[in-house]
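Each chain, letter by letter, is given below.
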Amino acid sequence: VQTCALPIWEKFLRRNAVVVAAGVVIAAGLIGIAGFSRNEARRAIAARIEAERSGLQARRELMHTAANLGAAQLAAGDPEGAYSNFNRALGIAQELLAAESATGAKPTPDAMTALAENQARLGEVLLASGAKDEALTRFEKARDRYRQLEPGTETQAAMAKLDRMIEAAQKK
């Protein structure tokens, strides 16, 4: 019986030196790729977040533009055009609220205010065109949104205006 001076793993390394060396090179490469991929993933995530933020900002601007156009159309005597643009602004406000809520965070006051304002504006158009019940429904939805906001001077003023509009609608 011949005794072996080298442990088994050393024999293995000597007999398979080329394969072991190739494995070490591959492992080092994979570790490097993993580190590179992690950095690339971080950069890609940061770029995506910035793109989403830019996209949300563009949607906010479009929402405000649609609401402003609706106000101009209402003032110019075009209730159909005003309704269309206020409805578009409301839809965008709902999208923004959904995007904010998807992260699990509390919706921003701006999103809630935009929802309330556009509901109220739709109510104004509906009331002017004789759709009293639909207008009251919109006014109530707007009031519900305002109630979800922190009390403040602007919120109180908006709710007071809304209360006057509801009172006027009920008298019609």
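Please read all numbers here as calculations on a predicted model, not as lab measurements.

Parameters at a glance
- Note on numbering: residues in each chain are counted from 1, in written sequence order.
- Owing to the predicted nature of the model, reporting of local features is limited to residues with pLDDT of at least 70; listing and counting of side-chain atom pairs is limited to 80 or more, with chain, interface and lining totals taken over all residues.
- The basis for every side-chain value is the complete set of non-hydrogen atoms in the structure, without hydrogens or water.
- Put simply, DSSP marks the helices as runs of H or I at least four residues long and the strands as runs of E at least two long, and each gets a number from the N terminus on.
- Accessible area is worked out with a 1.4 Å probe on protein chains only. A residue is then buried under 20% of its type maximum, exposed over 50%, and partly exposed in between.
- Any two residues whose heavy atoms approach within 4.5 Å are treated as being in contact.
- To define axes, lines are fitted to C-alpha atoms, for helices over the stretch in contact only, and angles between the resulting N-to-C directions are given on a 0 to 180 degree scale.
- Roughly parallel here means an angle under 35 degrees, roughly antiparallel means over 145, roughly perpendicular means 65 to 115, and every remaining angle is called oblique.
- In this scheme the crossing of two helices becomes right-handed for a clockwise turn of the near helix relative to the far one and left-handed for an anticlockwise turn of less than a right angle.
- Any residue outside Ala, Val, Leu, Ile, Met, Phe, Trp, Tyr, Cys, Pro, Asp, Glu, Lys and Arg is labelled polar, Gly included; the first ten of those are nonpolar and the last four are charged.
- Given the number of residues in a helix, its expected span is that number minus one, multiplied by 1.5 Å.
- The directions considered for the arc are those from the helix axis to the C-beta atoms.
- Take the buried residues of types Ala, Val, Leu, Ile, Met, Phe, Trp, Tyr and Cys, join any two whose side-chain atoms come within 4.5 Å, and each joined set is a nonpolar core.

1. A closer look at the side chain of Arg143
Thinking step 1. Tracing the backbone through its elements, the reader meets Arg143 in helix 5 (residues 132–147).
Thinking step 2. Accessibility expressed as a relative area gives 14% for Arg143, which makes it buried.
Thinking step 3. When neighbours within four sequence positions are excluded, Arg143 is seen to be in contact with Met159, Leu162, Asp163 and Ile166.

2. Side note on the packing of helix 3 (residues 79–102) against helix 4 (residues 109–128)
Thinking step 1. Their axes nearest at 9 Å, the elements helix 3 and helix 4 cross at an angle of 160°. In terms of orientation, helix 3 and helix 4 fall into the roughly antiparallel class. As helix 3 runs across helix 4, the sense of the crossing is left-handed. In this structure, helix 3 contributes Pro79, Ala82, Tyr83, Phe86, Asn87, Ala89, Leu90, Ala93, Gln94, Leu97 and Glu100 to the contact, and helix 4 contributes Ala111, Met112, Ala114, Leu115, Asn118, Gln119, Arg121, Leu122, Val125 and Leu126.

3. Observations regarding the packing of helix 5 against helix 6 (residues 153–171)
Thinking step 1. Two numbers describe how helix 5 lies on helix 6: the axes approach to 10 Å, and their chain directions differ by 160°. The angle between helix 5 and helix 6 places the two elements in the roughly antiparallel class. The two elements helix 5 and helix 6 meet at a crossing, and its hand is left-handed. When helix 5 is examined against helix 6, the residues Lys132, Leu136, Phe139, Glu140, Ala142, Arg143, Tyr146 and Arg147 are found in contact with a partner set consisting of Thr155, Ala158, Met159, Leu162, Asp163, Met165, Ile166, Ala169 and Gln170.
Thinking step 2. Of the residues that constitute the contact of helix 5 with helix 6, the class distribution is 10 nonpolar, 2 polar and 5 charged.

4. Concerning helix 5
Thinking step 1. Here helix 5 spans 22 Å end to end across 16 residues, near enough to the 22 Å set by a 1.5 Å rise per residue.
Thinking step 2. Within helix 5, the full set of buried residues consists of Ala135, Leu136, Arg138, Phe139, Ala142, Arg143 and Tyr146. When helix 5 is viewed along its axis, its buried side chains cluster within an angular range of 160° and face the same direction. In helix 5, the exposed positions angled more than 90 degrees off the buried face are occupied by Asp133 and Arg147.
Thinking step 3. Buried-residue contacts for helix 5 involve helix 3, helix 4 and helix 6.

5. Brief notes about the nonpolar core
Thinking step 1. Core analysis: the biggest nonpolar cluster contains 33 residues, and Met63, Phe139, Tyr146 and Leu162 have the highest contact counts within it.
Thinking step 2. Of all the secondary structure elements, the ones that give two or more residues to this core are helix 2 (17–75), helix 3, helix 4, helix 5 and helix 6.
Thinking step 3. The dominant element in this core, judged by the number of residues it contributes, is helix 4, at 10 residues.
Thinking step 4. Ignoring any residue separated from it by four or fewer positions in sequence, one finds Leu162 in contact with Ala120, Phe139, Ala142, Arg143 and Tyr146.

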